[in-house]
Amino acid sequence: MADGLSNKQIAHRLVLSPNTVKDHIASILVKCRVSTRAAAIVAARENGLIDLTERSRGRRAGQR
């Protein structure tokens, strides 16, 4: 989600149905008490769950 992938893209990567991904993202939004993906990413970053700096470096190096 933090990589900006669509539900369909996430589903493909994780070998899940898009509906399963949609349900999990909805659950994440509820648990984070936010209404958008962007707000969930901010909440995850603020709580130390993800480090977007490291993710950006990996992308520039051609990693995903």
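Please refer to the structure higher up on the page.
**Student:** Help me understand the overall build of the protein chain in this model?
**Tutor:** Along the backbone of the protein chain there are four helices and zero strands. Secondary structure elements of the protein chain occur, N-terminal to C-terminal, as α-α-α-α. Among the 64 residues that make up the protein chain, the fraction classed as buried is 19%. Within the protein chain, residue pairs in contact and separated by at least 24 positions form 42% of the contacts whose partners lie at least 6 positions apart. Approximately 4900 Å² of the protein chain is accessible, and the part contributed by carbon and sulfur atoms is 53%.

**Student:** I'm lost on helix α3 (residues 37-46) in this one. Help?
**Tutor:** Taken together, the buried positions of α3 are Ala 40, Ile 41, Ala 43 and Ala 44. Along α3, the residues classed as buried sweep out an arc of 160° about the axis, all on the same side. Gly 48 sits one or two residues past α3 and shows a positive phi near 75°.

**Student:** Please clarify how the pattern of salt bridges should be interpreted in this entry.
**Tutor:** Pairs may arise between side chains of opposite charge once their charged atoms sit close together. Per the counting criterion, the structure on display carries one salt bridge. The salt bridge partner of Asp 3 is Arg 13, with a shortest N-O separation of 4.0 Å. Of this pair, Asp 3 sits in the segment before α1 (7-14) while Arg 13 sits in helix α1, and the two are ten residues apart along the sequence.

**Student:** Help me out: how do you make sense of the environment of Leu 16 in this one?
**Tutor:** Tracing the chain through its elements places Leu 16 in the loop between α1 and α2 (18-32). The contact partners of Leu 16, leaving out residues within four places of it in the chain, are Ala 11 and Val 21.

Calculation notes
- Residues numbered from 1 in each chain as written.
- Predicted model: local features only at pLDDT ≥ 70, side-chain atom pairs only at ≥ 80, totals over all residues.
- Heavy atoms only, no water.
- Helix = DSSP H or I, 4+ residues; strand = E, 2+ residues; numbered from the N terminus.
- Buried < 20%, exposed > 50% of the residue type's maximum accessible area, 1.4 Å probe, protein only.
- Contact = heavy atoms within 4.5 Å.
- Areas by Shrake-Rupley, 256 points an atom, 1.4 Å probe, with all protein chains shown as cover.
- Arc of directions from axis to C-beta.
- Salt bridge = Lys/Arg side-chain N within 4 Å of Asp/Glu carboxyl O.

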